[in-house]
Amino acid sequence: MLAYTGVVFAFGAVVWHWVMGKSWDDSLSFALTMTVSAVVGRWIAAVIRRRAGRGDG
């Protein structure tokens, strides 16, 4: 999970800085927001899958 988080953060920061032409401060803020969203999204999906019963889906 740590490797996944690092890759998402680094990719987001680099893309936001180079492609969008933003400052590094703005890029790191964007990357932090994106990373937290991705990690929390995976966590919520895992919780939902765990709670799904045998008759669901």
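Here, the structure is the one placed above.
Reference entry: report on the structure contained in this document. (Residues numbered from 1 in each chain as written. Predicted model: local features only at pLDDT ≥ 70, side-chain atom pairs only at ≥ 80, totals over all residues. Heavy atoms only, no water.)

**Some details on the environment of valine 8**
Move 1: Counting through the fold element by element, valine 8 comes out in helix α1 (residues 2-18).
Move 2: Counting along the chain gives 24 residues from valine 8 to leucine 32, while the straight-line C-alpha distance between them is 9.2 Å.
Move 3: Beyond its immediate chain neighbours, meaning those up to four positions away, valine 8 contacts Met34, Thr35 and Ala38. (Helix = DSSP H or I, 4+ residues; strand = E, 2+ residues; numbered from the N terminus. Contact = heavy atoms within 4.5 Å.)

**What to know about the side chain of histidine 17**
Move 1: Structurally, the position occupied by histidine 17 is in helix α1.
Move 2: When neighbours within four sequence positions are excluded, histidine 17 is seen to be in contact with Lys22, Ser23, Trp24 and Ser27.

**Some details on the packing of α1 against helix α2 (residues 24-51)**
Helix packing geometry: the angle between the two helix axes and the distance between the axes.
Move 1: Where α1 meets α2, the closest approach of the two axes is 8 Å, and the angle between their N-to-C directions is 145°. Crossing hand, α1 versus α2: right-handed. Contacts from Tyr4, Thr5, Val8, Phe9, Gly12, Ala13, Trp16 and His17 in α1 reach Trp24, Asp26, Ser27, Leu28, Phe30, Ala31, Leu32, Met34, Thr35, Ala38, Val39 and Arg42 in α2.
Move 2: The residue makeup of the contact of α1 with α2, split by class, is 13 nonpolar, five polar and two charged. (Axes fitted to C-alpha atoms, helices over the stretch in contact; angles between N-to-C directions. Left-handed = near helix turned anticlockwise from the far one by under 90°. Nonpolar A, V, L, I, M, F, W, Y, C, P; charged D, E, K, R; others polar.)

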